[in-house]
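The chain contents come next:
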Amino acid sequence: MLILSAVAPCLPEVLAELQCDSNVMNVSWPTTVGHDEYTAWAISTEGHRASCNSSSHSCSIHDLQCGTVYEVVVTSPSIHCKIIAGSDYKVHSAPCKPENTNVEQNCSSGVVTVEWNTSSTTQNYTVKGTCAAGVNSTCESTDYSCSFLDLSCGQLYTFTVMGHTNECSSEISSPTEKLTSPCSPTNVSAALNCTTLDALVSWRSSAAASGYAVEATSTNGDNSSCSEMGTSCILNNLVCGKDYSVVVKAMHNGCPGPSSVPATLTTGAYTSDLALLRSTKRR
């Protein structure tokens, strides 16, 4: 509830009380001598006007637009004031409810951005993210979006948005869910088959992962990769006599999580026996 008072030139002193839940403004003023019919006006900077009439010293203005700053004045036939706009007495109506909430995730950075629509440009917003693990995060914004930089990996979050001014809060938006990128796999190991120069890579599963991608890179740029839905896969066509760094990324709907801690794999030196084996394979 907001109560303010002010006086503009040639206008009576005004008191206004905004009911946040109904967005109705109760306006009161001192009566003058005689029996005047008063009109209380709420005038927005965009030109919207709402009013109420009374023969006493108060009335309630309905049909205010949400998220709008109104100038408030009171006039009567005995008040000779030619200009009723431009009052220095301003009241902020109840904030608008955010609508059409949408959540997007940047796969490379893991940043989650919540966006919404609203008809107001004069209110602030608080976005809340809650996951089943009980971890809550909040984000404050004066715009129509807000980004979370450090949400927990592999968790299903529910996001809601609420508009607010210094005095009132809006209804909470409809909830929207988003599963964050999977956590990086742990316990990565790589075992070399010295005969075939293939390597079996294994790891511990990650929450929310629907698949995994493995990449092995040597110090001079030789690459080998494999993908699997389980917790192991085989790297083929490794080059002998090389040191490889092997990392695993968990995937969810094509969105990779962060890379695992790299495992080191060293292939053996090239020998005549290995050359004979590869020659036999090609026949």
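Residues numbered from 1 in each chain as written. Predicted model: local features only at pLDDT ≥ 70, side-chain atom pairs only at ≥ 80, totals over all residues. Heavy atoms only, no water.

Enquirer: I keep staring at the overall build of the chain and nothing clicks. Help me out?
Expert: Along its length, the chain carries 1 helix and 24 strands. A total of 283 residues make up the chain; the buried ones form 39% of that total. By sequence separation, contacts in the chain at least 24 residues apart represent 55% of the contacts at least 6 residues apart. Summed over its atoms, the accessible surface of the chain is roughly 14,900 Å², and 50% of this surface lies on carbon and sulfur atoms. (Helix = DSSP H or I, 4+ residues; strand = E, 2+ residues; numbered from the N terminus. Buried < 20%, exposed > 50% of the residue type's maximum accessible area, 1.4 Å probe, protein only. Contact = heavy atoms within 4.5 Å. Areas by Shrake-Rupley, 256 points an atom, 1.4 Å probe, with all protein chains shown as cover.)

Enquirer: What's the story with the nonpolar core in this structure? I'm lost.
Expert: The nonpolar side chains of soluble globular proteins are, as a tendency, buried together. In terms of nonpolar packing, the biggest core is built from 20 residues, with M25, V27, A40, I61 and L64 touching the most fellow members. Those elements giving two or more residues to this core turn out to be β2 (14-19), β3 (24-28), β4 (38-44), β5 (49-54), β6 (58-61) and β7 (69-75). Setting aside anything within four residues of it in sequence, one finds A40 in contact with V27, W29, A50, S51, C52, C59, I61, V73 and V74. V214, A216, C226 and V248 belong to the second-largest nonpolar core, a separate cluster that totals 17 residues. (Core = buried A, V, L, I, M, F, W, Y, C linked by side-chain atoms within 4.5 Å.)

Enquirer: What is the right way to look at the side chain of T165 in this model?
Expert: Tracing the backbone shows T165 in the loop between β14 (156-164) and β15 (169-172). Residue classification places T165 among the buried positions, given a relative accessible area of 13%. In this structure T165 touches H92, S93, P95 and Q123, once residues within four positions along its chain are discounted.

Enquirer: Could you clarify how one ought to interpret the packing of aromatic side chains in this entry?
Expert: The full count for this structure, using the stated rule, is 5 aromatic pairs. For the pair F148 and F159, a centre-to-centre distance of 5.4 Å together with 50° between the ring planes defines the contact as tilted. Pair noted here: F148 is in strand β13 (residues 145-148) and F159 is in strand β14, with a separation of 11 residues, a long-range link. Pair check on accessibility: F148 and F159 agree, each one buried. Both rings, one in Y157 and one in F159, keep their centres 5.9 Å apart while their planes meet at 25°; by these two values the pair is stacked. Residue classification places Y157 among the buried positions, given a relative accessible area of 0%. By way of ring pairs, the aromatic residues F148, Y157 and F159 are connected into one cluster. In this arrangement the basic side chain of R49 is found over the ring face of W41, its NZ or CZ atom lying 5.7 Å from the centre. (Phe/Tyr/Trp six-rings, centres within 6.5 Å; stacked < 30°, edge-to-face > 60°. Lys NZ or Arg CZ within 6 Å of the ring centre and 35° of its normal.)

Enquirer: Looking at this structure, I do not really get the sheet that holds strand β18 (residues 198-204). What am I missing?
Expert: Hydrogen bonds between backbone atoms are what pair the strands of a sheet, whose relative direction is either parallel or antiparallel. On the basis of which strands lie adjacent, the open sheet formed by 3 strands has the order β17-β18-β21 and antiparallel pairing. Pairing within the sheet leaves two strands with one partner each, and these edge strands are β17 (186-193) and β21 (232-235). For this sheet, the mean inter-axis angle between neighbouring strands, taken without regard to orientation, is 20°. Bridge count between β18 and β21: 4 bridges; the pairing is antiparallel. (Pairing = 2+ DSSP bridges. Axes fitted to C-alpha atoms, helices over the stretch in contact; angles between N-to-C directions.)

Enquirer: Sorry if this is basic, but what is going on with unusual backbone geometry here?
Expert: A negative phi angle characterises most non-glycine residues, just as the trans form characterises most peptide bonds. Although it is not a glycine, N100 sits at a positive phi angle of roughly 55°. Residue position: N100 is located in strand β9 (residues 99-105). Of note, N187 is a non-glycine position whose phi angle comes to about 55°, a positive value.

Enquirer: Can you help me understand the sheet that holds strand β10 (residues 112-117) in this one?
Expert: One open sheet holds the 3 strands; their spatial order is β9-β10-β13, and the pairing between them is antiparallel. Each edge of the open sheet is held by one strand with a lone partner, namely β9 and β13. Strand-to-strand twist across the sheet, computed as the mean angle between neighbouring axes with direction ignored, equals 15°. Of the pairings in the sheet, the one linking β9 to β10 comprises 5 bridges and is antiparallel in character. In the strand pairing of β10, N102 is matched with E115.

Enquirer: Explanation requested: the pattern of salt bridges in the structure shown.
Expert: A side chain of one charge can pair with a side chain of the opposite charge if their charged atoms are brought near each other. All told, the structure shown has 2 salt bridges when counted by the stated rule. Linking E71 and K90 is a salt bridge whose minimum nitrogen-to-oxygen distance equals 3.9 Å. Separated by 19 residues along the polypeptide, E71 in strand β7 and K90 in strand β8 (residues 90-92) bring together distant segments of the chain. Taking relative accessible area as the criterion, E71 reaches 13% and is therefore assigned buried. (Salt bridge = Lys/Arg side-chain N within 4 Å of Asp/Glu carboxyl O.)

Enquirer: Looking at this structure, I do not really get the state of the cysteines. What am I missing?
Expert: Summed over all chains, the structure comprises 7 disulfides. Note on cysteine connectivity: C139 is disulfide-linked to C146, with sulfurs 1.7 Å apart. Since a negative S-S torsion denotes a left-handed disulfide, the C139-C146 link at about -85° is left-handed. For C226, the disulfide goes to C233, at an S-S distance of 2.0 Å. Judged by the sign of its S-S torsion, about 50°, the cystine formed by C226 and C233 is right-handed. On the basis of relative accessibility, which here comes to 14%, the residue C226 falls in the buried class. We classify C233 as buried; its relative accessible area is 6%. (Disulfide = S-S within 2.5 Å.)

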